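Take a look at the letters that make up each chain.
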Amino acid sequence: MGGLAHDLFTLTELHFALLSRDLRDGRSRMLLTGLLMFVSAVIGVACVPIALVSLAIFITDQFETSYALGFLLAALAAGALSGTLGVIGCFKFRGSAAVLQRSSQELTRNLRWIKTVLERDRDTKDDKQHSTFRGSGND
């Protein structure tokens, strides 16, 4: 059982080393993705007030509409821009998160190995108990 514990600790250490490497490899891709999402959030929340007011006044003057309609169209345009940037950021984020796939696959293999070793250990104990029972003098 001591050997199994040593193997489990070694596997854990190796798995964390692989995860660290995966995170280092994906850092640059995640940085760009995070930046895109941050810019999207800033535009969505702040809506660049001066540009939107300018757009609303431009729409009102050029199309001789009410201020309410001009401001509504400007807000809809800002919402469309924010939504587009957000969707692009989400797709980029999904792609950059794939860098952790190696760690996930390795963890799955390690868990399968541990399960196999534990089942083999249990089967070995069961075999020893059965052979001890059979050899108890009932021959």
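The following refers to the structure shown. Source: prediction; values computed, not measured.

**Description of the overall build of the protein**
Argument step 1. The secondary structure content of the protein amounts to four helices and zero strands.
Argument step 2. Across the protein, helices and strands are ordered from the amino to the carboxyl terminus as α-α-α-α.
Argument step 3. Counting the 139 residues in the protein, one finds 16% classified as buried.
Argument step 4. Of all intrachain contacts in the protein linking residues separated by at least 6 positions in sequence, the fraction that spans at least 24 positions is 77%.
Argument step 5. Here the protein displays about 10,500 Å² of accessible surface, and carbon together with sulfur accounts for 67% of that area.

**A closer look at helix 2 (residues 49–63)**
Argument step 1. The end-to-end C-alpha separation of helix 2 is 21 Å, in line with the 21 Å expected for 15 residues at 1.5 Å each.
Argument step 2. Turning to helix 2, its buried residues are Ala56, Ile59 and Thr60. In a view along the axis of helix 2, the buried residues occupy a sector of 95°, so they form one face of it. Seen from the open side of helix 2, the exposed residues pointing more than 90 degrees away from its buried face are Ile50, Asp61 and Gln62.
Argument step 3. The first or second residue beyond helix 2 is Glu64, which carries a positive phi of 50°.

**Digging into the pattern of salt bridges**
Argument step 1. Evaluated as defined, the whole model comprises one salt bridge.
Argument step 2. Taking the shortest distance from any N to any O, the salt bridge between Arg109 and Glu106 comes out at 2.4 Å. Placement of the pair is Arg109 and Glu106 together in helix 4 (residues 101–134), with a separation of three residues, close to one helical turn.
Argument step 3. The exposure class of Arg109 is partly exposed, given its relative accessible area of 46%.
Argument step 4. Judged by relative accessible area, which is 23%, Glu106 ranks as partly exposed.

**Thoughts on a nonpolar patch on the surface**
Argument step 1. On the surface, Leu32, Leu35, Phe38, Val39 and Val42 cluster together into a nonpolar patch covering about 460 Å² of accessible area.
Argument step 2. Along the polypeptide, Leu32 turns up in helix 1 (residues 2–46).

Conventions adopted
Residues numbered from 1 in each chain as written. Predicted model: local features only at pLDDT ≥ 70, side-chain atom pairs only at ≥ 80, totals over all residues. Heavy atoms only, no water. Helix = DSSP H or I, 4+ residues; strand = E, 2+ residues; numbered from the N terminus. Buried < 20%, exposed > 50% of the residue type's maximum accessible area, 1.4 Å probe, protein only. Contact = heavy atoms within 4.5 Å. Areas by Shrake-Rupley, 256 points an atom, 1.4 Å probe, with all protein chains shown as cover. Expected span 1.5 Å × (residues − 1). Arc of directions from axis to C-beta. Salt bridge = Lys/Arg side-chain N within 4 Å of Asp/Glu carboxyl O. Patch = residues over 30% accessible without salt bridge, like charges linked within 9 Å, V, L, I, M, F, W, Y side chains within 5 Å.

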